[in-house]
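This is what each chain is made of:
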Amino acid sequence: MVLGVITVLSGGVGAARLLKALSDETDPSELTAVVNVGDDMVLHGLTICPDLDTIAYTLAGLNNDDLGWGLAGETWRVMDELDALGGEAWFRLGDRDLATHLYRSQRLSEGATKTQVTAELGRHLKLRVRLLPVTDDSIATVFDTEVGELSFQEYFVKHRHGVVARSVTVRGVEQSSPSPEVIDALERSERIVIAPSNPLISIDPILQVPGVRDIITRRRDDVVAVSPIINGVALKGPADRLLGELGYEASCVGVANFYDGLIGTLIIDEADARHAPSIEATGIRVIVTTTIMAERENARRLARAVLA
Ligand code: FO1
């Protein structure tokens, strides 16, 4: 199937799988992923970009499918040694993965932008899909929770997203701007896809970068989102809990409400077919298909629905 240029607003695993499936169904060089950087952090003096790396490793076929992050066949000698030293070893950086963070951090210290470094890493991995961090500025998603303020990875990894969140903010986002490449991709692509990533903590930080929401709103007829919630449950991560905690219904209807005014089409799972009429009543077109991408044929079917 051929359909001009497609831009996919992307978080981590769900987006990575969709991008891989889309690459099977259309020319990968026509695909651009605009990727969340609100999860990024500096640890051990290294800049770590989990969503960019998860997508890059997945598209290169090098991802660790069991963990859902990092590289397959990874070893952990550095982390084990750091742990023995009493260092910060709660956020596990594999020995080979560390090379990515070392390279990125060195290039950033030399004055390269995150966009440039992402392109360099992509070339090294021979990626055909273009990955763009939504902004080159520093933004950070933070949680106000029952145990106090937590950075994204403290909430997600240290506390295993098990504490109640009262609000989520993206620090520094008002002062940030999208890169020129991101604006160009969003303006020129024939279709904009919102991946089945967490709406509140993966997609919203992208939408909050000044200018992005305006373009998406103006282009809503060309915007298709895939619900990450199936039968009230997120396949991975805390999207269902967070929707509930932050005032949305934990269902594909809640996802439709969250994206109200931003999307022309929502793809929901067959298990949620009963919700289609109430979503369509809000003016959003609904496509019902299999949205679980564990099996390759299902992933390709979803990709075809996105491209249709
Ligand atoms: N997730 C974990 O649950 N535990 C980890 O120790 C961990 C380390 C890690 C290192 C590099 C990287 O790129 C991702 C990593 N992740 C880890 C995943 C990451 O925290 C989240 O899945 C994403 O930020 C959410 O999209």
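Up top you'll find the structure we're talking about.
Read on for a plain summary of the structure. Quantities reported herein were computed from a predicted structural model and do not represent experimental measurements.

This part takes up the layout of surface pockets. Quantified by volume, the largest pocket comes out at close to 930 Å³. Looking at the lining of the largest pocket, the elements with two or more residues in it are α1 (13-25), α2 (50-59), α4 (95-109), α6 (152-158) and α8 (199-207). Of the residues forming the lining of the largest pocket, the biggest block, five residues, is contributed by α2. Classifying every residue of the lining of the largest pocket gives 23 nonpolar, 13 polar and seven charged. Considered as a void within the structure, the second largest pocket measures approximately 510 Å³ in volume. Contributing elements (two or more residues each) for the lining of the second largest pocket: α1, α2 and α13 (296-307). Here the element with the most residues in the lining of the second largest pocket is α1; it accounts for seven residues. A breakdown of the residues in the lining of the second largest pocket according to their chemical character gives twelve nonpolar, seven polar and eight charged.

Time to look at the site of the ligand. In the neighbourhood of the ligand, 13 residues make up the surrounding shell, with D39, D51, W69, R92 and Q153 lying closest. Contacts to the ligand include D51, whose side-chain N or O atom sits 2.9 Å from an oxygen atom. At 3.1 Å from a nitrogen atom of the ligand is found a side-chain nitrogen or oxygen belonging to W69. Taken by itself the ligand offers 540 Å² of open surface, and the protein chains cover 87% of this. At a threshold of 2 Å from the grid points, most atoms of the ligand map onto the largest pocket. Secondary structure elements with two or more residues in the shell around the ligand: α2 and α6. When residues of the shell around the ligand are assigned to their parent elements, the largest contribution, four residues, is made by α6. Taken together, the residues of the shell around the ligand sort by class into eight nonpolar, one polar and four charged.

If you walk across this open sheet you meet the seven strands as β5-β2-β1-β9-β10-β13-β14, and the pairing is parallel. Strands with a single pairing partner mark the edges of an open sheet, and in this sheet they are β5 (130-133) and β14 (285-289). Strand-to-strand twist of the sheet, defined as the mean angle between neighbouring strand axes without regard to direction, takes the value 25 degrees. In this sheet, strand β13 (residues 265-269) lies alongside strand β10 (residues 223-226) in parallel orientation, the contact comprising three bridges. Counted as the bridge partner of V224 is T265 from β13. Along the sheet, α2 makes contact with β1 (6-10), β2 (31-35) and β5, crossing β5 at roughly 175 degrees.

Backbone-to-backbone hydrogen bonds pair the strands of a sheet. The strands run either parallel or antiparallel. In spatial order, the strands read β7-β6-β8; together these three strands make up an open sheet with antiparallel pairing. Strand pairing shows two members of the sheet lacking a second neighbour, β7 (148-151) and β8 (165-171), which therefore form its edges. Direction aside, neighbouring strands of the sheet carry axes that sit 25 degrees apart on average. Relative to β7, strand β6 (residues 140-145) runs antiparallel, the two sharing four bridges. Among the inter-strand pairings, D144 is bridged to a residue of β7, identified as E149.

Basis of the calculations
- Residues numbered from 1 in each chain as written.
- Predicted model: local features only at pLDDT ≥ 70, side-chain atom pairs only at ≥ 80, totals over all residues.
- Heavy atoms only, no water.
- 1 Å grid on protein atoms, 1.4 Å probe; cavity = no way out; pocket = protein on both sides within 12 Å on 5 of 7 lines; lining within 4 Å.
- Points joined across faces, edges and corners; volume = space filled by probe spheres on them.
- Helix = DSSP H or I, 4+ residues; strand = E, 2+ residues; numbered from the N terminus.
- Nonpolar A, V, L, I, M, F, W, Y, C, P; charged D, E, K, R; others polar.
- Near = heavy atom within 4 Å.
- Polar contact = N/O pair within 3.5 Å; in protein donor to acceptor, adjacent residues only side chain to side chain.
- Areas by Shrake-Rupley, 256 points an atom, 1.4 Å probe, with all protein chains shown as cover.
- Sits in = over half its atoms within 2 Å of the grid points.
- Pairing = 2+ DSSP bridges.
- Axes fitted to C-alpha atoms, helices over the stretch in contact; angles between N-to-C directions.
- Contact = heavy atoms within 4.5 Å.

Keep in mind that these numbers describe shape and distance, not what the molecule does.
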